[in-house]
Amino acid sequence: MRLTLALAALGLAVVTPAALAQSTPLTTVRVASGLNRPVFAMSPPGDTERLFVAEQNQADIHIVDLNTNTVLATPFLDLSGLVQTSGNEQGLLGFAFHPDYASNGKFYVNYTASGGGATRIVQYTVSANPDVANAGSAQTVIQISQPQSNHNAGDLFFGPDGNLWIPMGDGGNANDQGSGHAAGGNAQSGATLLGKLLRINVDSLPYTIPADNPYVADGSVLDEIWAFGLRNPFRAGFDPVTGDLWIGDVGQNAREELNFTSAEEIAAVNAGTADPINYGWRCMEGFMCTGLSGCTCNGPDLTLPIDAYTHAAGFSIIGGQMYRGDAIPDLVGTYLYAEHYTNFVLAMRESGGAPEPGYPVEIQGDLAPGGGLSITSIAGMGYDGAGEMYICDLNGGEVFKIVPEGPFLGVGSALAGAAGEPVHFGTGGVAAGQPGALHLRDAAPNATCGLFLSASVGSAAFKGGVLKTIPLIDVIVLGTDANGELDIPWTNTGGFPAGTTLVTQYGVQDAGAPKGVALSNALVTTW
């Protein structure tokens, strides 16, 4: 079939983008249940078949087989007996795989240790069985005493620099004061690691201090400290593409805040050309002055959050992840984060250190799984080796995957041009009588483009921006508008037979792209 005939059969026509929906509908599917307070989930780099889930009170890590959505019976790691779980904020709280996990088998856990509740970071290695860790390989990386049982934070993650970053809570209690708290608060004291963002090198143990940590030449500040002013940064992490840093910091009585530090700011701090970062607790809570000592409210040395919301909306922010998967192309570059108690999920897009117009936006309604299921008490948002995102429902004992709702599935990555990476996605439906559309965004303006059409992906997906040899049906020449956009809508496809598959991808003339052509991701549409 010629593509022109296919378009006619589908009732397709190029129209002005402004009249159409601008985003892929979303939903969630449950991939695991029956877990004991699942607090975080992630996969080793590049692993698309297994999802590792930490159980807070059970103090173990389980593996979910993503091919069957079943939890393996044998835990990957069992830490019971080593972990104190008497407080609501204690337990096994986080873990991270070394960037070279495939070759060195190293991973790291963050838990509150039995016999006092100190934060303990421990390195383990995998055994000869890839589904079971070597429990005898434990090496303590660092242990930090906690004066109270709350504000343990619990996250840890590797940065693009290969170092291990550890956000620490202020030690607990209220207002960062009381027994075990410095005058002016732990978060503003250089003599304690509490209330800070730490940065260490764990390629060998004992760990070492990166030479460009901002306080290595300051005898009054501990060398591990990279940033001041955190209260209870329960979830944080880097954008794997840009290197930007996002931190969700749980507030005291009035505000929950989301902090953002760009890769450029991080590089400047490390180079000594910019002042170190101070996120402002305890003299500030979100954008609000607390009246507490320790720092100067709205002082020039403080970094204000990119977003904050009041306790009329929620009481415990859960930092999330930047979506960098393939399945939902127009969600790429969107940061998702959540609220633990009131169960909303927010989507944030950033430009120049500030929210893009219209963001953040609540999307929890879009993520409802249906079928009598619900997502509540969100404790973590993780990702697999393909960059697809998951939500941990703490009290429900479930893990859900964010997926596109409808017949459209993104495949592969794009090849960028001067206008960025062209994004190809679909909205609506393809069943008989359903309207829908194919969309192109972030392409070069007023550019000639070719729409490639195939009946299947073929032997390889569209990866790395390279158009693989596939059984092409045809190519149609189109053009983008002044905004670099193009839409092809339909009011009724006529209802192709069930199982019919079309694969589409755009090639766009762009002088800033290799060989003058930018490529979008591919899109698989299934009837």
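The structure displayed is predicted, hence computed values, not measured ones.

What counts and what doesn't
Once a new chain begins, its residue numbering starts again from 1 and follows that chain's sequence as written. Whole-chain, interface and lining totals are the exception, using all residues; otherwise, since this is a predicted model, local features are given only for residues with pLDDT of at least 70 and side-chain atom pairs are given and counted only at 80 or more. Side-chain metrics rest on all non-hydrogen atoms present in the structure, leaving aside hydrogens and water. By definition here, a salt bridge exists when the distance from a side-chain nitrogen of Lys or Arg to a carboxyl oxygen of Asp or Glu is within 4 Å. Counting from the N terminus, the helices are DSSP H or I runs at least four residues long and the strands are E runs at least two residues long. Summary of the burial criterion: residues with accessible area below 20% of their type's maximum are buried, those above 50% are exposed, and those between are partly exposed, where the area comes from a 1.4 Å probe applied to protein chains only. The definition of a nonpolar core used throughout is a set of buried Ala, Val, Leu, Ile, Met, Phe, Trp, Tyr and Cys residues joined through side-chain atoms within 4.5 Å. Paired strands are those between which DSSP finds at least two bridges. Lines fitted to the C-alpha atoms define the axes, with helices restricted to the stretch that makes contact. Angles between their N-to-C directions range from 0 to 180 degrees. The disulfide definition used here is simple: a pair of cysteine sulfur atoms within 2.5 Å.

As for the pattern of salt bridges
Right, on to step 1. According to the stated counting rule, one finds 10 salt bridges in the structure shown.
Right, on to step 2. Of the charged contacts in the structure, one is a salt bridge between Glu-398 and Arg-30, with a shortest N-O distance of 2.6 Å. Of the two residues, Glu-398 is situated in strand 30 (residues 398-404) and Arg-30 in strand 1 (residues 26-32); the sequence distance between them amounts to 368 residues.
Right, on to step 3. We classify Glu-398 as buried; its relative accessible area is 10%.

Regarding unusual backbone geometry
Right, on to step 1. Residue Pro-206 is reached from Leu-205 by a cis peptide bond, and omega for that bond is 0°.
Right, on to step 2. The residue after Tyr-359, namely Pro-360, is reached through a cis peptide bond having omega 0°.
Right, on to step 3. Within the secondary structure, Pro-360 sits in the loop between strand 26 (354-355) and strand 27 (361-362).
Right, on to step 4. The residue Asn-175 is not glycine, and still its phi comes out positive at about 60°.
Right, on to step 5. When you line up the elements, Asn-175 lands in the loop between strand 12 (164-167) and strand 13 (197-200).

Remarks on the nonpolar core
Right, on to step 1. Ranked by size, the top nonpolar core spans 58 residues in total, and within it Phe-107 and Val-109 carry the most contacts.
Right, on to step 2. The next biggest cluster of nonpolar side chains, apart from the first, holds 20 residues, and it includes Phe-158, Ile-200, Val-202 and Tyr-215.

Considerations on the sheet that holds strand 23 (residues 335-339)
Two pairing modes exist for strands in a sheet, parallel and antiparallel, and in both the strands are linked by backbone hydrogen bonds.
Right, on to step 1. Pairing is antiparallel across the open sheet formed by four strands, whose spatial order is 22-23-24-27. Of all strands in the sheet, those bounded by a partner on one side alone are strand 22 (317-322) and strand 27.
Right, on to step 2. The sheet contact formed by strand 22 and strand 23 spans four bridges and is antiparallel. Directly across from Ile-317, in strand 23, lies its bridge partner Glu-339.

Here's the deal with the pairing of strand 10 (residues 133-144)
Right, on to step 1. Taken together, the seven bridges between strand 9 (residues 119-126) and strand 10 define a ladder with antiparallel strand orientation. Within the sheet, the bridge partner assigned to Gln-123 lies in strand 10 and is Gln-139.
Right, on to step 2. Once strand 9 ends, the chain turns through six residues before running back antiparallel as strand 10.

Considerations on the sheet that holds strand 32 (residues 423-428)
Right, on to step 1. On the basis of which strands lie adjacent, the open sheet formed by three strands has the order 32-33-36 and antiparallel pairing. In this open sheet, the two edge strands, each paired with only one partner strand, are strand 32 and strand 36 (486-490). Ignoring strand direction, the axes of neighbouring strands in this sheet form an average angle of 15°.
Right, on to step 2. With six bridges connecting them, strand 32 and strand 33 (residues 436-441) associate as antiparallel partners. Across the sheet, residue Phe-425 finds its bridge partner in strand 33, namely His-439.

Things to note about the state of the cysteines
Right, on to step 1. Here the structure, examined in full by the defined rule, presents two disulfides.
Right, on to step 2. One disulfide in the model links Cys-289 with Cys-297; its S-S distance is 1.8 Å. Its torsion about the S-S bond being -80°, the disulfide of Cys-289 and Cys-297 is classed as left-handed.
Right, on to step 3. Ordinal numbering of bonded cysteines along the protein chain defines a disulfide pattern of 1-3, 2-4.

Keep in mind that these numbers describe shape and distance, not what the molecule does.
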